[in-house]
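Report on the structure
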Amino acid sequence: MSANKTYTVAVVGATGAVGGAMLEVLERRNFPVGELRLLASERSKGKTLAFKGEEIPVQVLGRDSFAGVDIALFSAGASRSLEFAPAAAEAGAVVVDNSSAFRMEEDIPLVVPEVNPEAIGQYTNRGIIANPNCSTIQMVVALKPIYDAAGIRRIVVSTYQAVSGSGASAIRELDRQTRQYARGEEMEITVYPYQIAFNCLPHIDVFLDNGYTKEEMKMVNETRKIFGDPEIGVTATTVRVPVFYGHSESVNVETKNKLSAEEARRLLAGAPGVEVVDDPFNKQYPLAIHCQGRFETFVGRIREDESIANGLNLWIVADNILKGAALNAVQIAEVLIDKYL
């Protein structure tokens, strides 16, 4: 990459929560944006968004929106991606898609840059790179050094996922229900099947015939694809909790070879994108309230599972809008311009 080269970047779904975070990340990481094209639905026509001190007008997304675009960051939902991502690729852009539309397509790479950056080169197949599910991303970032050192036989994960993963309407619902509860009013329920305030819902996305939810099976299938290891046993239970930002995960790992907690702690401390917060006797462990706005994936409560020979327990926390979505997409774009474009 030339030091002076800039790129035309399109952000699709620019007015949404993740789209806005993409703009923030592009600015915070000083991505070499020459022209920024903000694309959204007809509802956003006439709006402007701030980027590096300028107000950039939002354009209406269409199949002809991508002429001259180098990189298109998509965060507008699967149906929009299925409709417009191929058009962007045909126009010459490399698409980094945040939806579930292409993740399990065999010829489309599913990438977490700290884990499988080499897969980015497969973008030439169809001009599209898929961003994994938010809960998968933070888990595999933390598990990568363990996988490399000792192999992984099985993963049991339970997630505690913030309402921001459901969008702005869910954030408003948690806020509204909390206020209604404090005033002794009946809670209005519109986003989730039950109240989310002061509650936990073991139900994210739709239930499938096997009794798991779609979100849970995403974690199973995406983890195997990212590691390139279909033999890893993965089982997941995903839970929505009354937290605004930051997904937390309890992860139990059975490794192929013995790895002590101290060895795991040392490996994680040196792993890219990971910050270890693990001093429980001084009440130091990762918290959702501390990860908001941070790029790192935080890992703590690292301890051996005493019920099996080669087991570890981890507590993993990350900002689901940043590392779980916008940051991961921009990191993919950074590898693209550094090695491929």
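In this report, we go over the structure that sits alongside the text. Everything quoted here is computed from the prediction, not taken from an experiment.

**Topic: the sheet that holds strand β13 (residues 311-318)**
Spatially, six strands are ordered β9-β8-β10-β13-β12-β11 in an open sheet, and the strand pairing comes out mixed. The open sheet is flanked by β9 (233-240) and β11 (274-276), the only strands paired with a single partner. Taken over all neighbouring pairs, the strand axes of this sheet differ in orientation by 20° on average, direction set aside. Bridge count for strand β12 (residues 297-304) against β13 is five bridges, and the pairing is antiparallel. Counterpart to glutamate 304 in the pairing with β13 is leucine 312. Together, β8 (152-161), β9 and β10 (247-255) form the strand contacts of helix α5 (residues 214-227), whose direction differs from that of β9 by roughly 145°.

**Looking at the environment of leucine 49**
Within the secondary structure layout, leucine 49 lies in strand β3 (residues 48-51). Taking the C-alpha atoms as reference points, leucine 49 and leucine 38, separated by 11 residues in sequence, lie 8.3 Å from one another. Excluding residues that lie within four positions of it along the chain, leucine 49 makes contacts with Ala14, Thr15, Leu23, Leu38, Glu54, Glu55, Ile56 and Val58.

**Observations regarding the state of the cysteines**
A complete count under the given rule lists zero disulfides for this structure. Between cysteine 134, a cysteine without a disulfide, and cysteine 291, which holds the nearest cysteine sulfur, the sulfur-to-sulfur distance is 12 Å. You can call cysteine 134 buried: its relative accessible area is 14%. Cysteine 200 takes part in no disulfide bond, and the closest cysteine sulfur, belonging to cysteine 291, lies 17 Å away. Classification of cysteine 200 by relative accessible area gives partly exposed; the value is 46%.

**Looking at the packing of aromatic side chains**
All chains considered together, the criterion is met by five aromatic pairs. Taking 5.8 Å as the distance between ring centres and 20° as the angle between the ring planes, the aromatic pair formed by phenylalanine 66 and phenylalanine 74 counts as stacked. When its relative accessible area of 0% is taken as the criterion, phenylalanine 74 is described as buried. The interplanar angle of 15° and the centroid separation of 4.5 Å between the aromatic rings of tyrosine 147 and phenylalanine 227 together place this pair among those described as stacked. A residue pair is termed long-range when its members are at least 10 positions apart, and tyrosine 147 in helix α3 (residues 134-150) and phenylalanine 227 in helix α5 qualify at 80 residues. Directly above the aromatic system of phenylalanine 295 lies the positively charged group of arginine 28, at a separation of 4.0 Å from the ring centroid.

**Thoughts on the sheet that holds strand β5 (residues 71-74)**
Taken in spatial order, the seven strands make up an open sheet running β3-β4-β2-β1-β5-β6-β7, and their pairing is mixed. Each end of this open sheet is capped by a strand with a single partner; those strands are β3 and β7 (128-130). Direction aside, the axes of adjacent strands within the sheet are offset by 25° on average. Packed onto the sheet, helix α2 (residues 78-90) meets β5, β6 (94-97) and β7 and runs at close to 175° relative to β5. Contacts between helix α8 (residues 322-339) and the sheet are confined to β1 (7-12), β5, β6 and β7, with β5 contributing the most and set at about 165° to the helix.

**Here's the deal with the packing of helix α1 (residues 17-28) against α8**
Contact pair α1 / α8: the axes reach a minimum separation of 9 Å and the direction vectors enclose 50°. Considering the angle they form, α1 stands oblique to α8. Considering the relative orientation of α1 and α8, their crossing is right-handed. On α8, the residues touching Val18, Ala21, Met22, Val25, Leu26 and Arg28 of α1 are Leu322, Ala325, Ala326, Leu327, Ala329 and Val330.

**Re α1**
End to end, α1 covers 16 Å across 12 residues, agreeing with the expected 16 Å (1.5 Å per residue, within 8%). Of all the positions in α1, only Val18, Gly19, Ala21, Met22, Leu23, Val25 and Leu26 are classed as buried. Residues of α1 that are buried sit in contact with β1, β2 (33-40), β3, β5 and α8. Among the residues trailing α1, asparagine 30 stands out with phi positive, at a value near 55°.

**A short note on the side chain of aspartate 229**
In this fold, aspartate 229 is placed in the loop between α5 and β9. It turns out aspartate 229 is buried and unbridged, and the closest side chain with the opposite charge, lysine 256, is 4.4 Å from it. A polar contact of 3.0 Å, which involves the side chain of aspartate 229, links it to the backbone nitrogen of glutamate 231. If we ignore the near neighbours within four places in the chain, the residues touching aspartate 229 are Tyr147, Arg224 and Lys256.

Definitions and limits used
- Residues numbered from 1 in each chain as written.
- Predicted model: local features only at pLDDT ≥ 70, side-chain atom pairs only at ≥ 80, totals over all residues.
- Heavy atoms only, no water.
- Pairing = 2+ DSSP bridges.
- Helix = DSSP H or I, 4+ residues; strand = E, 2+ residues; numbered from the N terminus.
- Axes fitted to C-alpha atoms, helices over the stretch in contact; angles between N-to-C directions.
- Contact = heavy atoms within 4.5 Å.
- Disulfide = S-S within 2.5 Å.
- Buried < 20%, exposed > 50% of the residue type's maximum accessible area, 1.4 Å probe, protein only.
- Phe/Tyr/Trp six-rings, centres within 6.5 Å; stacked < 30°, edge-to-face > 60°.
- Lys NZ or Arg CZ within 6 Å of the ring centre and 35° of its normal.
- Parallel < 35°, antiparallel > 145°, perpendicular 65-115°, else oblique.
- Left-handed = near helix turned anticlockwise from the far one by under 90°.
- Expected span 1.5 Å × (residues − 1).
- Lys, Arg positive; Asp, Glu negative; His and termini not counted.
- Salt bridge = Lys/Arg side-chain N within 4 Å of Asp/Glu carboxyl O.
- Polar contact = N/O pair within 3.5 Å; in protein donor to acceptor, adjacent residues only side chain to side chain.

Function-wise, these values are silent; they only describe arrangement.
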